[in-house]
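Overview (structure and organization)
Each chain, letter by letter, is given below.
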Amino acid sequence: MVDELAFKFWSERKDYYWKNGKPTSEHSAYEAVAKVLCRQYRSVRIDEFGPLRFKALREFWVQKGLSRSVVNRNARKVVEIFRWGVENEMVPPEVCQRLKAVKGLKRGRTAAPEPVPVMPVDLAVVEATIRHLSPVVRDMIRVQLLTGARPGEVCKLRPMDVDRSADVWEYIPSSHKTEHHGRARKLFIGPECQAVLLPYLLRASDAFCFSAAESREWFRQQAADSRTTPSTCGNARGRKRDPRDGQGTRQPREYFDTQTYGQAIKRACRKAWPCPKSISKDKAARAKWESEHAWAPNQLRHTRGTAVRASHGLEAAQVILGHATADVTQLYAERDEVLARKVAASR
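**Here we look at the environment of Arg-253**
Among the secondary structure elements, Arg-253 is positioned in the loop between helix 10 (212-225) and helix 11 (258-272). By relative accessible area, which is 36% here, Arg-253 ends up partly exposed. Once the C-alpha coordinates of Arg-253 and Ala-213 are considered, the two residues, 40 residues apart in sequence, prove to be 5.8 Å apart.

Right, here's the structure in full:
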């Protein structure tokens, strides 16, 4: 049965999609696909799951409002589950071959919406947001803008990962998005970014440069400095709620992750562009306002890439952003480093 195949696949493969002790995006994606197969095709034999049922499953995702690219990714995961079944002698090879014959959804030929592209964020918008952030997060943003780093690469930055032996520093992340493809990731840090990073490199070599705890403490100090009532009255510093109810006692971690980094920027956007009172009580209107007046850390990479492309060309932007494929030859990798150093040294 199809549901048995999906269940066994997920039971054996769920631990595979982990990285650095955390589930990857593929983990949740495969889990969702396996659950749909178990629920929708509980009584369907494996040899009865052909192209028509495959297309019907794809249409189910389209009707749920998923974008074309997500639907196609889910479809490829279904094929991968059946391919795994062939490998483990649970699925006849011809069944998998029939599913592979189904072409993906094409742009303009489906009701599935196109994914919303990640656009660069205007520097004026960034400056308006920065005013409402702690110095720690401000510097994280500056590092991203100057290097084109991914949000996770900024969060994981440690002094031990930065080689300062040359004029242009090198940052080799301990892990990165495309390492499983065999591609090394190296970021080049020029003079302007070096000035931003230097104070954070003075801490322990294995400590994270950007501390969420330090960021929270800065906000607490700001609140304490502007407090008008005595410290003995009202809530104690750093505690917004009554500790007797078990809330308000959780402390921030010593480092940011991509989620908390993004949340910090989102909160700052709400302060920079507060929702008008006329729509504040309308949940849908408020959500739309906040969505239109917010940006995410990954947009900073696009801002950097756009600027580098304008000044140094498309190839330079690809190198700085780390978009080269895994099978690039060593000759190209060497040329990439020379070009990346030139771009980094200019800032």
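Read on for the rest.
**Details of the pattern of salt bridges**
In the structure shown here, the tally under the stated rule is 14 salt bridges. Salt-bridge contacts for Asp-161 lead to Arg-158; the nearest nitrogen and oxygen are separated by 3.0 Å. Here the two residues Asp-161 and Arg-158 agree in accessibility, since each one is buried. Overlapping salt bridges bring together Arg-45, Asp-47 and Glu-48 as one network.

**Section: the packing of aromatic side chains**
Each aromatic ring pair is specified by the distance between its two centres and by the angle formed by the two planes. Per the counting criterion, the structure on display carries eight aromatic pairs. Where Phe-49 meets Phe-82, the ring centres are 5.1 Å apart and the plane angle is 15 degrees; that geometry is what we call stacked. In this pair, Phe-49 sits in the loop between helix 2 (25-40) and helix 3 (51-63) while Phe-82 sits in helix 4 (residues 68-87), placing the two residues 33 residues apart along the sequence. Side by side, Phe-49 and Phe-82 carry an identical accessibility label, which is buried. What links up through ring pairs into an aromatic cluster is the set Tyr-41, Phe-49, Phe-54 and Phe-82. Above the plane of the ring of Trp-169 lies Arg-164, whose end atom (NZ or CZ) is 5.7 Å from the centre.

**Re the sheet that holds strand 3 (residues 162-163)**
Taking strand neighbours across the sheet as the criterion, the three strands line up as 3-4-5 in an open arrangement whose pairing is antiparallel. Each having just a single partner strand, strand 3 and strand 5 (187-189) make up the two edges of the open sheet. Sheet topology note: the strand 4 (residues 169-171)/strand 5 ladder contains three bridges and is antiparallel. Residue pairing in the sheet places Trp-169 in a bridge with Ile-189 of strand 5.

**Some remarks on the nonpolar core**
The biggest cluster of nonpolar side chains holds 36 residues, and the ones touching the most others in it are Ile-141, Phe-210, Phe-256 and Tyr-261. Taken together, the elements giving at least two residues each to this core come down to helix 6 (123-130), helix 7 (135-147), helix 8 (151-155), strand 4, strand 5, helix 9 (191-197) and helix 11. Tallying contributions element by element places helix 7 first for this core, with seven residues. Not counting residues within four places of it along the chain, the set of residues in contact with Ile-141 comprises Val-126, Ile-130, Leu-133, Tyr-261, Ile-265, Trp-295 and Leu-300. Leu-5, Phe-54, Val-71 and Phe-82 belong to the second largest nonpolar core, which has 33 residues in total.

**A closer look at the side chain of Asp-139**
Secondary-structure assignment places Asp-139 in helix 7. A polar contact is formed between the side chain of Asp-139 and the side chain of Arg-142, at a distance of 2.9 Å. Beyond its immediate stretch of four places on either side in the chain, Asp-139 contacts Val-196, Tyr-200 and Phe-210.

**What about the environment of Leu-145?**
Mapped onto the fold, Leu-145 is located in helix 7. Leu-145 gets classed as buried once you look at its relative accessible area, which sits at 18%. Between the C-alpha atom of Leu-145 and that of Arg-301, which follows or precedes it by 156 residues, the distance is 6.7 Å.

**Here we look at unusual backbone geometry**
A positive phi is found at Glu-89, a non-glycine position, where the angle reads about 55 degrees. Looking at where Glu-89 falls in the secondary structure, it is placed in the loop between helix 4 and helix 5 (93-100).

**Details of the packing of helix 2 against helix 4**
In contact at an axis separation of 10 Å, helix 2 and helix 4 are set at 75 degrees when each is read in the N-to-C sense. Judged by the inter-axis angle, helix 2 sits roughly perpendicular to helix 4. Residues Glu-26, Ala-29, Tyr-30, Val-33 and Leu-37 of helix 2 touch helix 4, and the partners they reach there are Asn-74, Lys-77, Val-78, Glu-80 and Ile-81.

Calculation rules
Residues numbered from 1 in each chain as written. Predicted model: local features only at pLDDT ≥ 70, side-chain atom pairs only at ≥ 80, totals over all residues. Heavy atoms only, no water. Helix = DSSP H or I, 4+ residues; strand = E, 2+ residues; numbered from the N terminus. Buried < 20%, exposed > 50% of the residue type's maximum accessible area, 1.4 Å probe, protein only. Salt bridge = Lys/Arg side-chain N within 4 Å of Asp/Glu carboxyl O. Phe/Tyr/Trp six-rings, centres within 6.5 Å; stacked < 30°, edge-to-face > 60°. Lys NZ or Arg CZ within 6 Å of the ring centre and 35° of its normal. Pairing = 2+ DSSP bridges. Core = buried A, V, L, I, M, F, W, Y, C linked by side-chain atoms within 4.5 Å. Contact = heavy atoms within 4.5 Å. Polar contact = N/O pair within 3.5 Å; in protein donor to acceptor, adjacent residues only side chain to side chain. Axes fitted to C-alpha atoms, helices over the stretch in contact; angles between N-to-C directions. Parallel < 35°, antiparallel > 145°, perpendicular 65-115°, else oblique.

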